[in-house]
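An overview of the molecular structure
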Amino acid sequence: MKKFLAMLLAVVMVLSLAACTSGNPDPTQAASEPPASQPGTEESTEPSQAPSEALPAPGSNPADDIPDTMTSADSKYQVAFITDVGQLKDKSFNQGTFDGVKLYAAANGKSYKYYQPANGDAATDDDRYDAMKAAVEGGAEVIVCAGFMQEAALKKAAAEFPDVPFIFIDGYPIGLDNVAGISFQEEQSGYLAGYAVVKEGFEKLGFTGGGGGTNPACCRFGYGFVQGANDAAKELGKTVDMNYSWQYGANFQASPELQTMMNGWYSNGTEIVFACGGSMFNSVAAAAAASDGLVVGVDVDQSAQSETVVTSAMKGLSSAVQWAVAKVYDGSFSDIGGNGTSLGAKDDAVGLPTATWRLENYTVAEYEAQLADMASGKLVVDSMVTEEDFAKLTATEWSNVTLNYID
């Protein structure tokens, strides 16, 4: 269980030895086409030697010491990253995934490069494919693709380049042996956050999510958040209110419209909002700061980004990437290629940052007991797998949550 932690700690020793120098090549751009297809049924397998110690030590991120761009002596970049929509440095999903690429490359003397599909938040399947093709032509020995919107482009690129392994983060099997789908049980992390804030004493909650209500990871985070809040409220013998919305989150970006909506929520009594959507966090945190409101972060520990953050619903993006990329180089990629690997509490891949949270009534001991129950299967959080499952949220009659669903 300590193998993965050892890899992370080794990074510090090798940074000065990494085969790279700081440079500033422009990220590769691409072309145009329609939006990516939505996922169907997600298949999962138990992880083979899944990453343990998958969540980084709170307040410590060695990836920050590694430059985002480098110059390779032979102009080849071995480990490539294809970004999701939103900013590379979103301090959330994109950045957490790229951190894994940088950490593995630095620790193992590999060259690396990120590729942002053309047209930004309006990137098409062709744009994503062009970025993947550019990565292959740039010498990529493994390509890490972030986000479920990569599916259609991945099917084309992976079929065209069958000898190149692709790692599909927040992904699932797509019928090709050179694609490894890596997903997370975000509902567990969302549950822990929802349970924690209600036990802390908050009674007026909010959730704002990215992807417009079709992003599987965000849907699982939100569904878990409501379940955790409901269970905690039931234990306390109270009912809590929750605003729940996918508005202004289609592209995961901050926006004046989102901030205006958040200002309204906080002004009308909402105490804390789960900001579940990359750079959307900036709009929520700005509104919270203006109204003495509070925020739950997502994907990574976002406590350093704003004093409004009480806790964050995390998943082990960086370590999962390092674990999967390592399989390419140790010859065991076939263990995960063609399959879906779902990581959760049993793999130390979800949780809350106890060292930085601002919780006083919900204790670390309570949290650790709940996490252990999740890992053992004693505490089961319902999930969302198919698009049909997304209706569970509004179809459920919550016993202790009054849900104000805003679509």
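For the structure itself, look to the data block above.
Residues numbered from 1 in each chain as written. Predicted model: local features only at pLDDT ≥ 70, side-chain atom pairs only at ≥ 80, totals over all residues. Heavy atoms only, no water.

For the chain, the helix and strand inventory stands at 11 helices and 15 strands. Sorting the 407 residues of the chain into buried and exposed places 59% on the buried side. Sequence-distant contacts in the chain: of pairs separated by 6 or more residues, those separated by 24 or more amount to 74%. As displayed, the chain offers around 15,300 Å² of accessible surface, 48% of which is attributable to carbon and sulfur atoms. (Helix = DSSP H or I, 4+ residues; strand = E, 2+ residues; numbered from the N terminus. Buried < 20%, exposed > 50% of the residue type's maximum accessible area, 1.4 Å probe, protein only. Contact = heavy atoms within 4.5 Å. Areas by Shrake-Rupley, 256 points an atom, 1.4 Å probe, with all protein chains shown as cover.)

Moving on: empty space enclosed by the protein. For the coordinates displayed, the defined rule picks out 2 cavities of 30 Å³ or more. When its volume is computed, the largest cavity comes out at roughly 180 Å³. If you trace the largest cavity, you find 21 residues lining it, with Asp84, Phe93, Cys218, Phe252 and Asp299 closest to the centre. For the lining of the largest cavity, the secondary-structure elements that each account for two or more residues are α2 (93–108), α6 (216–236) and β11 (294–299). Considering every element that reaches the lining of the largest cavity, the biggest residue donor is α6, with 3 residues. For the lining of the largest cavity, the residue count by class is 9 nonpolar, 7 polar and 5 charged. (1 Å grid on protein atoms, 1.4 Å probe; cavity = no way out; pocket = protein on both sides within 12 Å on 5 of 7 lines; lining within 4 Å. Points joined across faces, edges and corners; volume = space filled by probe spheres on them. Nonpolar A, V, L, I, M, F, W, Y, C, P; charged D, E, K, R; others polar.)

Turning our eyes to something else, we now look at the pairing of strand β13 (residues 340–343). Residues of β13 alternate between two faces, with Gly340 and Ser342 on one and Thr341 and Leu343 on the opposite face, all of them buried. Bridge count between strand β7 (residues 179–184) and β13: 4 bridges; the pairing is parallel. When the sheet's bridge partners are listed, Ser183 is paired in β13 with Ser342. (Pairing = 2+ DSSP bridges.)

The subject of this paragraph is the side chain of Gln150. Mapped onto the fold, Gln150 is located in the loop between β5 (142–146) and α4 (151–160). Only 3.0 Å separates the side chain of Gln150 from the backbone oxygen of Ala146, close enough to count as a polar contact. Ignoring sequence-local partners within four residues, the contact set of Gln150 consists of Ile82, Thr83, Asp84, Arg128, Met132, Cys145 and Phe168. (Polar contact = N/O pair within 3.5 Å; in protein donor to acceptor, adjacent residues only side chain to side chain.)

On to the state of the cysteines, then. Overall, the coordinates contain 0 disulfides when judged by the stated rule. This cysteine, Cys219, is not joined by any disulfide, and Cys218 carries the nearest cysteine sulfur, 7.1 Å off. A relative accessible area of 3% means that Cys219 is categorised as buried. (Disulfide = S-S within 2.5 Å.)

Next up on the list: the nonpolar core. Ranked by internal contacts, the top residues of the largest apolar core, which has 110 residues, are Ile143, Phe166, Ile167, Ile169, Leu205, Phe274 and Tyr362. Looking at which element gives the most residues to this core, the answer is α6, with 9 residues. If near-sequence neighbours (up to four positions away) are discounted, Leu205 is found in contact with Val197, Val198, Phe225, Ala229, Asp241, Met242, Asn243, Thr270 and Ile272. Listed in part, the 16 residues of the second largest apolar core include Met261, Trp265, Met280 and Val309. (Core = buried A, V, L, I, M, F, W, Y, C linked by side-chain atoms within 4.5 Å.)

In spatial order, the strands read β14-β12-β11-β10-β8-β9-β15; together these 7 strands make up an open sheet with mixed pairing. Only two strands of the sheet have a single partner each, and these edge strands are β14 (350–351) and β15 (401–406). In this sheet, β15 lies alongside strand β9 (residues 240–245) in parallel orientation, the contact comprising 6 bridges. Within the sheet, the bridge partner assigned to Met242 lies in β15 and is Leu403. With respect to the sheet, α6 is in contact with β8 (204–209), β9, β10 (272–276), β11, β12 (309–315) and β15, its orientation differing from that of β9 by roughly 170°. (Axes fitted to C-alpha atoms, helices over the stretch in contact; angles between N-to-C directions.)

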